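Fold and contact review
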Amino acid sequence: MVTQNFRQFGSNFLGPLAVYFCEQLSQQKVPFYFLAREGYFLHNIYNRYQQALGMPDNGQYLLASRSFMFRLLLDDERSYEFSLKGEFTGTFYELLRSRFMISNSTIQRHFDKKVQTTIINLPDDDSKVRQLLLSQAKHLAEIVAPTKTAYLAYLNSLGLNAPSVLHIVDLGYSGTIQKLMSLLLEKPVTGHYLISSKPGMTTFHGQENIMKGYLKQSVTMGDGYVPLDRSMFLEALLTSPNGQFQDVRLSELPGRDFDFYYGRKVNAQKHIHELEQVMAGVVDYVVHAAKHNIGFRQEEVESSLIQHMVKPHMIPRALWHLFAIDDDVAGNGTVDPLQFFGLR
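The following refers to the structure shown.

Topic: the sheet that holds strand β8 (residues 207-217)
- Reading across from one edge, β2-β1-β5-β6-β8-β7 is the order of the six strands in this open sheet, with mixed pairing throughout. In this open sheet, the two strands that pair with only one neighbour each are β2 (59-62) and β7 (200-204). The mean inter-strand angle of the sheet, taken between neighbouring strand axes irrespective of direction, is 30 degrees.
- Pairing of strand β5 (residues 166-170) with strand β6 (residues 189-196) involves five bridges; the strand directions are parallel. Among the inter-strand pairings, H167 is bridged to a residue of β6, identified as T190.
- Its contacts with the sheet put helix α10 (residues 176-185) on β1 (32-35), β2, β5, β6, β7 and β8, and the angle it makes with β8 is roughly 160 degrees.

Focus on the layout of surface pockets
- By volume, the second largest pocket amounts to about 280 Å³.
- If you trace the second largest pocket, you find 14 residues lining it, with R71, M101, I102, S103 and D247 closest to the centre.
- When residues of the lining of the second largest pocket are traced back to their parent elements, those giving at least two are α6 (104-110), α9 (137-157) and β9 (245-250).
- Of the residues assigned to the lining of the second largest pocket, the class counts are five nonpolar, four polar and five charged.

A closer look at empty space enclosed by the protein
- Here the structure, examined in full by the defined rule, presents two cavities of 30 Å³ or more.
- Volume-wise, the largest cavity comes out at about 70 Å³.
- Here the lining of the largest cavity takes four residues from helix α1 (residues 3-26), the largest share from any one element.
- In the lining of the largest cavity, the residues fall into 10 nonpolar, no polar and no charged.
- Considering only enclosed or pocket space, the second largest cavity measures out at about 40 Å³ in volume.

Description of unusual backbone geometry
- Across the junction of A36 and R37, the peptide omega takes the value -5 degrees, indicating a cis bond.
- Cis geometry is adopted by the peptide bond preceding P123, which originates at L122 and carries an omega value of 10 degrees.
- Relative to the helices and strands, P123 is located in the loop between β4 (119-122) and α8 (126-135).
- Its identity is not glycine, yet H205 carries a phi of approximately 50 degrees, on the positive side.
- In this model, S218 sits at a positive phi of 60 degrees, which is unusual for a non-glycine residue.
- Within the secondary structure layout, S218 lies in the loop between β8 and α11 (226-229).

Considering the pairing of β4
- Here β4 shows a buried face lined by I120 and L122 and an unburied face lined by I119 and N121.
- Taken together, the four bridges between strand β3 (residues 88-91) and β4 define a ladder with antiparallel strand orientation. Bridge pairing links T91 to I119 in β4.

Quick notes on the nonpolar core
- F13, F233, L234, L237, M279 and F323 are the most contacted members of the largest nonpolar core, which has 58 residues in total.
- Broken down by secondary-structure element, the contributors of at least two residues to this core are α1, β1, α2 (39-53), β6, β8, α12 (232-237), α14 (272-291) and α15 (298-310).
- Sort the elements by how many residues they give to this core and α1 lands first, with 11 residues.
- Excluding residues within four positions of it along the chain, L237 makes contact with F9, F13, L14, F41, L275, V278, M279, L322 and F323.
- Core analysis: the next-biggest nonpolar cluster, separate from the first, contains 54 residues, Y80, L140, L158 and M181 among them.

Things to note about the packing of aromatic side chains
- The final tally for this structure, using the stated rule, is 22 aromatic pairs.
- Summarising the aromatic geometry, the rings of Y40 and F41 are spaced 5.0 Å apart at their centres and angled 85 degrees between planes, so their arrangement reads as edge-to-face.
- Counting every residue linked through ring pairs, the aromatic cluster contains F68, Y151, Y154, F245, F258, F260 and Y262.

Thresholds, definitions, all that
Residues numbered from 1 in each chain as written. Predicted model: local features only at pLDDT ≥ 70, side-chain atom pairs only at ≥ 80, totals over all residues. Heavy atoms only, no water. Pairing = 2+ DSSP bridges. Helix = DSSP H or I, 4+ residues; strand = E, 2+ residues; numbered from the N terminus. Axes fitted to C-alpha atoms, helices over the stretch in contact; angles between N-to-C directions. Contact = heavy atoms within 4.5 Å. 1 Å grid on protein atoms, 1.4 Å probe; cavity = no way out; pocket = protein on both sides within 12 Å on 5 of 7 lines; lining within 4 Å. Points joined across faces, edges and corners; volume = space filled by probe spheres on them. Nonpolar A, V, L, I, M, F, W, Y, C, P; charged D, E, K, R; others polar. Buried < 20%, exposed > 50% of the residue type's maximum accessible area, 1.4 Å probe, protein only. Core = buried A, V, L, I, M, F, W, Y, C linked by side-chain atoms within 4.5 Å. Phe/Tyr/Trp six-rings, centres within 6.5 Å; stacked < 30°, edge-to-face > 60°.

What is shown is where atoms sit, not what they do.
This is the structure in structure tokens:
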């Protein structure tokens, strides 16, 4: 498949969606932080859209991930309603390894054998796990302290402490990272999403958080809204050159403030040169749309997405290998949406 075909696919699949989302965001006139990893290309696309309009880039890329935030807030029991959500069966050791990304050596160093081998079955044992975590509060605080110091310094370097309200951009849809970021910074956060399940304002531990969904609101996974139910197609392409963000440390190297650590790479990262060609097609599309005042209605964007997400052969075989996402936080490993939805 030649380069031009990669760009053409990017224009066809993501072009209308990108124009629609950029147009909605551009009207907000606030500084944005685009959450990793979907935000990597989204920020680039939005920046080029703004440039084409003669407007300044008012966005920055922000490293964050659910697993990282879970671990960062392990010493804050207010975060447990998110980090202990979902099914899990195994030992306390396995929970710390898979859901909170704590290394084997750290677990061995801080927790005795009895604690490590405690059997856990979530969600039934939610109260039991909370009590176990609280009983280990001293160890947990020691584990997360270096990361928390470095991450707060990183956020400060990006200017996140300055605005009274933080505005983040992500595909959506439940706002978990938004609420955890609000807990960490003790400030209200407004989330700008493509799709949001619970739009509007909610008060969360004293902070008023707002969720906006620009393509669709008030839908949840499994409701039958295809762009959400099959959002794995978007997550596969809207990723970054790196694997999942896992940790940060203050750097000891001269001229460098932080060292960042990432998880394993899936195919989109391994073949980033191909993905960049797809995204170049999206950028071409939004720049052309901005210069010629071309826009799309919500139903037009939905129709285009649904065509690509439900019909076989809409995605060229030469790009099938890029459609793989890591779902390690849920314990599912690598998930292939084409195979999952029977399109290959």
